[in-house]
Every structure is written in C-alpha cells, then in structure tokens.
Amino acid sequence: MAATLCVKFLPKQGWIPLVQSVRHGSKSVTRHRKPMHILKQKLLAVTQYNPPPRGIPRGAYPNERTEDKENHPLILLLKKMLKNVLEDNKMVAVVQNNSCNTEDMLNLKFRLRKHGITAKFFPNKVMRSFMTDSIYCNLLPLIIGPNILLVSKEPKAKEMLMTLRAFPQLVLLGAMIDNKLMSAQGLLSYSKLPSLTVVQGELVSGLTMLTSQTASMLQRHPAHLSALLQQYLEQQSSKNNTEDPPKAEQAA
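What this report covers is the structure whose coordinates are included nearby. As the structure is a prediction and not an experimental result, all values here were calculated from the model.

Thresholds applied
- Residues numbered from 1 in each chain as written.
- Predicted model: local features only at pLDDT ≥ 70, side-chain atom pairs only at ≥ 80, totals over all residues.
- Heavy atoms only, no water.
- Helix = DSSP H or I, 4+ residues; strand = E, 2+ residues; numbered from the N terminus.
- Polar contact = N/O pair within 3.5 Å; in protein donor to acceptor, adjacent residues only side chain to side chain.
- Salt bridge = Lys/Arg side-chain N within 4 Å of Asp/Glu carboxyl O.
- Buried < 20%, exposed > 50% of the residue type's maximum accessible area, 1.4 Å probe, protein only.
- Contact = heavy atoms within 4.5 Å.
- Axes fitted to C-alpha atoms, helices over the stretch in contact; angles between N-to-C directions.
- Parallel < 35°, antiparallel > 145°, perpendicular 65-115°, else oblique.
- Left-handed = near helix turned anticlockwise from the far one by under 90°.
- Nonpolar A, V, L, I, M, F, W, Y, C, P; charged D, E, K, R; others polar.

**Focus on the environment of serine 205**
Piece 1. Residue position: serine 205 is located in helix H9 (residues 196-219).
Piece 2. Separated by 2.7 Å, the side chain of serine 205 and the backbone oxygen of glutamate 202 make a polar contact.

Structure (structure tokens):
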C-alpha cells in the first residue's frame, strides 16, 4: 500500500507541475569585476599590437616615369621662376635652415627687406635639375637639406652678414656674386672691402690732385718756371761732366 501511495503522489519522470515554487528572498552575493588600474590600461594600450597596413599590390597603379615628373607643369613653372630670380640678381647666397620657427623667419624677411634682400624658397629637386646645365652648376654642392636663397640686385654682403648674426640657426654655406663662387670666409673678406663708389672717389681725388699741382705750377710767374728749368739743366750738365772722365781714362 505504501508503494501505491508513493507512485500516486510522487511526480512521474518528465512531468512538469503546473505550479512551481519560486524563491523570493535576498539575492545571492556575486563578485563584481574590479576596474582595471589606469596605469595598466595605458601599458596595455601602448603595448597593443597594431598590424601594419596592407601594402598596395604590385601593378595596381601605373609606374610614374621620371620624364613625366620633370615635364610636369608645376616643375616647369618653378624652373622658370628660379631662372628669372637668378638672372635678375647679382648676389645669390645659400643659407641652411636648421629648425627656424615661423616667427624668426618673418623677422628675418623683414630685416632683409630693409636692405633690399629677398628670401626665396625652392625645392632642392627643382634647383638641382635647373643648375646642372647652367652657369650656376658650382652651387650644386651647397644644395643639401632645407635651404634658403637670399638674393639681391646689388651685392650687399655686409648687410646680409650683419642680419644673419642675430639668427644662429641659419648657417651661411656660400654665395655667388657677379658669377663668382665664394665660400663663407671669402664672403666675409669681400664684405670688408670698400664699396665701388668709395674707390672711384679716391681715384678721382688722386687724379685731380695731380692735375691741380700741374696747373698751379703752370700758372706761376714765368721767371720762377725758367729758374726751375735752368736749375734742371745745370744738374744734368754736372752729371754728364762727372761721367766723362772715367770714360776718357778707359779710352787711354
């Protein structure tokens, strides 16, 4: 009888009761994940592997020829501008730019423009391709790294050197004045020479002094002039008399 009661009241296998008991009470305590420390986050972000971008497969784009690059309209325009700059100016100096900021560069341009000197910027590739077959080929060894061209219609080496002293980050490599290449030391010696107007003034003053002395002698009294000529004749005759006796002794 007990067996029949157990079979009657116990649920069968696979049988789901219509009403199930649900536990209502406090929730079970679970461990929450602690946030990661900020230093560890930074370390993981720095050491995270970033794969390199996938390269462009060979043959996807047509190869650019060097001839096409040289015949590019922009390159031809820059060459024409460079030619005009070099032909219109007698002084062309090459200065190396060693990390000069924008403010210093604007200050340099302002100071140079006071003396009639202009700063020009051209790519090294354009300058090299133009100077290779020109009279400026001697400047090719100076075209290295970031360079600036300082040009002026008249040679003003002294003013340029005085301006560059205030900018130690700019190094003067050399210059070409009147189609003559000069180093930095040669340009310093050239700046110490007097200007052409001063030399011309000294020459004119020397010539005018000689002509003024000749004119003053001619304007003096004729008697004084005749006395000077007579004294000159006497000196010449005395010299001749002293030279004649030795010759007579040699003939005897």
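**Some remarks on the pattern of salt bridges**
When the charged atoms of two side chains lie near each other, side chains of opposite charge can form a pair.
Piece 1. Following the criterion strictly, the structure yields 1 salt bridge and no others.
Piece 2. Of the charged contacts, one joins lysine 90 and glutamate 154 as a salt bridge, the two residues approaching to 4.0 Å between their closest N and O atoms. You can see lysine 90 sitting in the loop between helix H4 (73-88) and strand S1 (91-97) and its partner glutamate 154 sitting in the loop between strand S3 (147-152) and helix H7 (157-164), a full 64 residues away along the chain.
Piece 3. Owing to a relative accessible area of 44%, glutamate 154 belongs among the partly exposed residues under this scheme.

**Here's the deal with the environment of valine 151**
Piece 1. Mapped onto the elements of the fold, valine 151 is located in strand S3.
Piece 2. Overall, valine 151 belongs to the buried group, its relative accessible area being 2%.
Piece 3. Linking valine 151 and aspartate 88, residues 63 residues apart in sequence, is a C-alpha distance of 9.1 Å.
Piece 4. When near neighbours in sequence (up to four residues on either side) are disregarded, valine 151 contacts Val85, Asn89, Met91, Val92, Gly116, Ile117, Thr118 and Lys120.

**With respect to the packing of H4 against helix H6 (residues 124-131)**
Piece 1. Their axes nearest at 10 Å, the elements H4 and H6 cross at an angle of 65°. Comparing the axis directions of H4 and H6 gives the class roughly perpendicular. In the crossing of H4 with H6, the sense of the turn from one axis to the other is right-handed. Along the contact surface, H4 presents Ile75, Leu78, Lys79, Leu82, Lys83 and Leu86, while H6 presents Val126, Met127, Ser129, Phe130 and Met131.
Piece 2. Here the contact of H4 with H6 is composed, by residue class, of 8 nonpolar, 1 polar and 2 charged.

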